[in-house]
Amino acid sequence: MNYQWYPGHMTKAKRMMQEDIKLIDLIIELVDARIPLSSRNPDIDELGRNKSRIVLLNKSDLADPLANREWISYFKEKNIHTLEINSKNRAGLKNIQSIVEKACAEKIARDRKRGILNRPVRAMVVGIPNVGKSTFINSYAGRACAKTGNKPGVTKGKQWIKLNKTLELLDTPGILWPKFEDQVTGMKLAFIGSINDEILYPEELASDFINFLKGRYPGVIAQHYGFDPAIEDSYECLEEIARNRKCLLKDGKTDLKKAAQILMDDFRSGKLGTISLEWPK
């Protein structure tokens, strides 16, 4: 299966970001803590090359805690301000203000020198689809400011949100990039739900996911669904999941499509446990 998705509205969203970048002081980039590198849009590096930058490892509760610590160290070595957060339960959000001040220290000092004391930091919130930007903004603001959903592509336009006297956020649509460097990157993005499921084949996606997990998390799927971990073939694993969850068609055969959807939903919601699909090299 070819993992690729770049609908037309993303081209428009990228142009909009190019126009708005001159209005902001800081880029707050949300990435999925389970794939911190694959969920970073390389186009953002080009767009914001002269701007202060913060990377937020969102959904950190779904990722392997050991991997999270290693990623914090990885970004720190690259002089990128980084923070673990969970937008849904607001974990880590109280630390954002201080990290914003650190990232924008030069800008704040420059304003003070000019006698400008009350100008807020204007930050653009960016990230790929379904990484949780709108949930982050609503949680941080303490009110419903942005539309949210569990499918990519909910945010279609931009909007400014004034949080307090010191910080304003510009919400932007999630954008991918026109062509992934390799299919492994596209596959990981599909695993976390950043590529529209409707253009994918569920059984193939689930099969690739089962095979991918064999490296660092062998036996996790078998243990969760209660079948023999000695089963190697990914489609046989799907058969077992289907039987375990009573996914049967009218003729009594197993419904692999439904089993595949259950598996991916269980991973994305954390029911399989804390799993990271990328680790620093």
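Sequence order as written defines residue numbering, which begins from 1 separately in each chain. Given that this is a predicted model, residues contribute local features only at a pLDDT of at least 70 and side-chain atom pairs are listed and counted only at 80 or more, while totals for whole chains, interfaces and linings are drawn from all residues. For the side-chain quantities, the full set of heavy atoms in the structure was used; hydrogens and water were omitted.

Novice: Would you explain the overall build of the protein chain in this entry?
Specialist: Along its length, the protein chain carries eleven helices and six strands. Radius of gyration here uses only the C-alpha atoms, and the compact-globule reference equals 2.2 Å multiplied by the residue count raised to the power 0.38. Taking 19 Å as the expected radius of gyration for a compact globule of 281 residues, we find that the protein chain reaches 20 Å, a close match to that expectation. Across its three principal directions, the C-alpha atoms of the protein chain cover 75 × 35 × 35 Å. Exposed residues in this analysis have more than 50% of their type's maximum accessible area, buried residues have under 20%, and partly exposed residues fall in between, with area computed by a 1.4 Å probe over protein chains only. Looking at the protein chain as a whole, 53% of its 281 residues are labelled buried. Here a helix means four or more residues in a row that DSSP labels H or I, a strand means two or more in a row labelled E, and each is numbered from the N terminus.

Novice: Sorry if this is basic, but what is going on with the environment of asparagine 138 here?
Specialist: Residue placement: asparagine 138 occurs in helix H6 (residues 133–141). Placed 48 residues apart in sequence, asparagine 138 and arginine 90 show a C-alpha to C-alpha distance of 9.8 Å.

Novice: Where do I start with the sheet that holds strand S4 (residues 121–126) in this structure?
Specialist: Strands belonging to one sheet form pairs held by backbone hydrogen bonds; the direction of such a pair is parallel or antiparallel. In spatial order, the strands read S3-S2-S1-S4-S6-S5; together these six strands make up an open sheet with mixed pairing. Of all strands in the sheet, those with a lone pairing partner are strand S3 (81–84) and strand S5 (159–162), marking the two edges. When strand polarity is set aside, the average angle formed by the axes of neighbouring strands in this sheet is 25°. At least two DSSP bridges between two strands are required for those strands to pair. The pairing of S5 with strand S6 (residues 167–171) spans four bridges and is antiparallel. Across the sheet, the residue bridging to glutamine 159 is aspartate 171, located in S6. Against the sheet, helix H3 (residues 65–77) makes contact with strand S2 (52–58) and S3, and its axis sits at roughly 165° relative to S3, the strand it touches most. Inter-axis angles, ranging from 0 to 180 degrees, are taken between N-to-C directions of lines fitted to C-alpha atoms, where helices are fitted over the stretch in contact. What makes two residues a contact is simply this: any of their non-hydrogen atoms within 4.5 Å.

Novice: Please clarify how the packing of helix H8 (residues 202–213) against helix H10 (residues 234–244) should be interpreted in this entry.
Specialist: Helix-helix packing is characterised by the crossing angle of the two axes and by the distance between the axes. For the pair H8 and H10, the least separation of the axes is 9 Å and the interaxial angle reads 110°. When the axis of H8 is compared with that of H10, the two are roughly perpendicular. For the pair H8 and H10, the contacting residues are Glu203, Glu204, Ala206, Ser207, Ile210 and Asn211 in the first and Ser234, Tyr235, Cys237 and Leu238 in the second. Three residue categories are used. Nonpolar comprises Ala, Val, Leu, Ile, Met, Phe, Trp, Tyr, Cys and Pro, charged comprises Asp, Glu, Lys and Arg, and polar comprises the others, including Gly. Here the contact of H8 with H10 is composed, by residue class, of five nonpolar, three polar and two charged. The scheme is simple: roughly parallel for angles under 35 degrees, roughly antiparallel for over 145, roughly perpendicular for 65 to 115, oblique for anything else.

Novice: Sorry, what's going on with the nonpolar core here?
Specialist: Inside soluble globular proteins, nonpolar side chains tend to come together where they are buried. Core analysis: the largest hydrophobic core is formed by 89 residues, its most contacted members being Phe136, Leu169, Phe209 and Leu263. At seven residues, helix H11 (residues 256–269) tops the list of elements feeding residues into this core. The residues contacting phenylalanine 136, other than those within four sequence positions of it, are Ile28, Leu30, Leu56, Ile85, Ser87, Leu93, Ile96, Val125 and Leu169. By convention a nonpolar core is built from buried Ala, Val, Leu, Ile, Met, Phe, Trp, Tyr and Cys residues, the set being connected through side-chain atoms within 4.5 Å.

Novice: Looking at this structure, how should I read the confidence of the model for the protein chain?
Specialist: Low pLDDT means the predicted coordinates in that region are not meant to be read closely. Confidence of the prediction at every residue is given by pLDDT, a number between 0 and 100. Across the protein chain, pLDDT averages 89, with 94% of residues at or above 70. Counting interchain partners and residues more than four positions distant, the pLDDT-below-50 stretch residues 151–156 has 21 contacts.

Novice: Would you take a moment to explain the environment of methionine 17 for this structure?
Specialist: Of note, methionine 17 is situated in helix H1 (residues 8–20). Separated by 107 residues in the primary sequence, methionine 17 and methionine 124 have C-alpha atoms spaced 8.8 Å apart. Contact partners of methionine 17, with chain neighbours within four places excluded, come to Ile44, Leu47, Met124, Val126, Thr172 and Ile175.

Novice: Hey, could you run me through the packing of helix H7 (residues 183–192) against H8 in this one?
Specialist: Running from N to C, H7 and H8 point in directions that differ by 105°, and their axes come no closer than 10 Å. Judged on the interaxial angle alone, H8 and H7 are roughly perpendicular. Taken together, the residues of H8 that come into contact with H7 (itself represented by Val184, Met187, Lys188, Ala190 and Phe191) are Leu205, Asp208, Phe209 and Phe212. Taken together, the residues of the contact of H7 with H8 sort by class into seven nonpolar, no polar and two charged.

Novice: Explain the pairing of S3 to me, please; I cannot follow it from the model alone.
Specialist: Put simply, side chains in a regular strand alternate between the two faces of the sheet. Sheet topology note: the S2/S3 ladder contains four bridges and is parallel. Bridged to valine 55 within S3 is threonine 82. Once you follow S2 into H3 and on to S3, the crossover reads as right-handed. By convention, orient the strands away from the viewer: a clockwise path from the first strand over the helix to the second makes the crossover right-handed.

Novice: Explanation requested: the side chain of aspartate 255 in the structure shown.
Specialist: Within the secondary structure layout, aspartate 255 lies in the loop between H10 and H11. All tallies of charge rest on Lys and Arg as positive and Asp and Glu as negative; His and the ends of each chain are not included. A carboxyl oxygen of Asp or Glu within 4 Å of a side-chain nitrogen of Lys or Arg is what we treat as a salt bridge. Buried and unpaired, aspartate 255 has no salt bridge, with lysine 258 as the nearest side chain of opposite charge at 6.0 Å. Within the structure, aspartate 255 has its side chain in polar contact with the backbone nitrogen of lysine 258 (distance 3.1 Å). Setting aside anything within four residues of it in sequence, one finds aspartate 255 in contact with Ala242, Cys247, Leu248 and Leu249. Polar contact is the term for a pair of N or O atoms within 3.5 Å; when the atoms are in protein, one must be able to donate a hydrogen and the other to accept it, and sequence-neighboring residues count only if both atoms are side-chain atoms.

Novice: Is there a simple way to explain the pattern of salt bridges in this structure?
Specialist: Close approach of charged atoms lets side chains of opposite charge pair. Considering all chains together, one arrives at 17 salt bridges under this definition. In this structure, the salt-bridge partner of aspartate 43 is lysine 14, at a minimum N-O distance of 3.3 Å. Separated by 29 residues along the polypeptide, aspartate 43 in helix H2 (residues 42–47) and lysine 14 in helix H1 bring together distant segments of the chain. Its relative accessible area of 23% is what places lysine 14 among the partly exposed residues.

Novice: I keep staring at H11 and nothing clicks. Help me out?
Specialist: Count 3.6 residues to each turn of an α-helix, and residues three or four apart come out pointing the same way. The span one expects for a helix is its residue count, reduced by one, times 1.5 Å. Between its first and last C-alpha atoms H11 spans 20 Å; for 14 residues at 1.5 Å apiece the expected length is 20 Å, and the two agree. For H11, the complete set of buried residues consists of Leu256, Ala259, Ala260, Ile262, Leu263, Met264, Asp266, Phe267 and Arg268. Check the buried side of H11 and you find it contacts H7, H8, helix H9 (220–225) and H10. Two to three positions downstream of the cap, the backbone nitrogen of lysine 257 sits 3.3 Å from a side-chain oxygen, assigning the N-cap of H11 to aspartate 255.

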